[in-house]
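Commentary on secondary and tertiary structure
Chain by chain, the residues:
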Amino acid sequence: IGLSKAIYLDARGLLENYEIYNNFISGGSTGIDMETEANDYIRYHYVATIQNVTVYNNVFSHEAQEGLRFARYHGENYVPGYETLFNNITFINNVFHDNANNLWMGEASDDTITNVVFRNNILDDDTLNLRNDAITGVTTDHNAFSSGCTGTDCQTGVIGFVDKSGNDFHLSSSSQHKDLHGD
């Protein structure tokens, strides 16, 4: 609780085969940040890859910036032409609640994003933003939103947590979203 970036995955070359699950992240800067930093670009032949990562059964709440940030680093060491690969990444059964800048996926036009799935997540007072309209490798489906909708087969409306103010983000038995699911 209260960390700058609670979960930070940075590929300086290859980062693969991670599972991130059963965390309660609240009150920091960014809940989960997946990015590729360009400061070791020569050693890694101008390619950074994050692949085979599954993020499930987590709560990301009240972050001062994003609940989820998924993009290439564009800071002072940014090098144009540096390729970023995001492959086989799954976000499933997570709760994103009241994060200041919502959730962001994609940033640079030369990022390669393949087989990224955002499914069965609950976004309460949050939105999912795909920054680059050209992103075609992201599937968003069967998610619940308190308002708005990104993707297919989504549900909108009051989420119906057991006790949101007490940080109990389980769905109540009367929640309209309790049967949210996708394959």
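See the structure printed just above.
Scope of this entry: the structure provided in the associated data block.

Cut-offs and rules
Residues numbered from 1 in each chain as written. Predicted model: local features only at pLDDT ≥ 70, side-chain atom pairs only at ≥ 80, totals over all residues. Heavy atoms only, no water. Helix = DSSP H or I, 4+ residues; strand = E, 2+ residues; numbered from the N terminus. Buried < 20%, exposed > 50% of the residue type's maximum accessible area, 1.4 Å probe, protein only. Contact = heavy atoms within 4.5 Å. Areas by Shrake-Rupley, 256 points an atom, 1.4 Å probe, with all protein chains shown as cover. Polar contact = N/O pair within 3.5 Å; in protein donor to acceptor, adjacent residues only side chain to side chain. Disulfide = S-S within 2.5 Å.

The number of helices and strands found in the protein is zero helices and 18 strands. Looking at the protein as a whole, 47% of its 183 residues are labelled buried. Here the contacts in the protein between residues at least 6 apart in sequence split such that 73% fall between residues at least 24 apart. On the protein, roughly 8,500 Å² of surface is accessible, and the fraction owed to carbon and sulfur atoms is 45%.

Here we take up the environment of Glu63. Position of Glu63 relative to the elements: it lies in the loop between β6 (59–61) and β7 (68–72). We classify Glu63 as buried; its relative accessible area is 2%. Separated by 36 residues in sequence, Glu63 and Asn99 place their C-alpha atoms 4.7 Å apart. Those residues in contact with Glu63, other than ones at most four positions away along the chain, are Ile25, Ser26, Gly27, Gly28, Ser29, Thr30, Gly31, Asp98, Asn99 and Ala100.

Another aspect to go through is the environment of Asp124. Here Asp124 is to be found in strand β12 (residues 122–124). Through-space distance from the C-alpha of Asp124 to that of Asn102 is 9.8 Å; in sequence the pair is 22 residues apart. If we ignore the near neighbours within four places in the chain, the residues touching Asp124 are Phe96, His97, Asp98, Ser146, Ile159, Phe161 and Lys164.

Let us now look at the environment of Asp168. Along the chain, Asp168 falls in strand β18 (residues 168–171). Separated by 109 residues in sequence, Asp168 and Val59 place their C-alpha atoms 9.9 Å apart. For Asp168, the contacting residues outside a window of four places in its chain are Phe161, Val162 and Asp163. In this structure the side chain of Asp168 is engaged in a polar contact, spanning 2.6 Å, whose partner is the side chain of His170.

This paragraph deals with the state of the cysteines. Throughout the structure, instances matching the rule amount to one disulfide. Between the sulfur of Cys149 and that of Cys154 lies a disulfide, 1.5 Å long from S to S. Classification of the bridge connecting Cys149 and Cys154 rests on its S-S torsion, roughly -90 degrees, and on that basis the disulfide is left-handed. With a relative accessible area of 40%, Cys149 lands in the partly exposed category. Residue classification places Cys154 among the partly exposed residues on the basis of a relative accessible area of 23%.

Before going further, it helps to examine the side chain of Asn58. Locating Asn58 in the fold gives a position in the loop between β5 (47–56) and β6. A polar contact is formed between the side chain of Asn58 and the backbone nitrogen of Asn22, at a distance of 3.3 Å. Looking at Asn58, its side chain comes within polar contact range of the main-chain oxygen of Tyr56, at 2.9 Å. In contact with Asn58, not counting residues within four places along its chain, are Ile20, Tyr21, Asn22, Asn23, Asn93, Asn94 and Val95.

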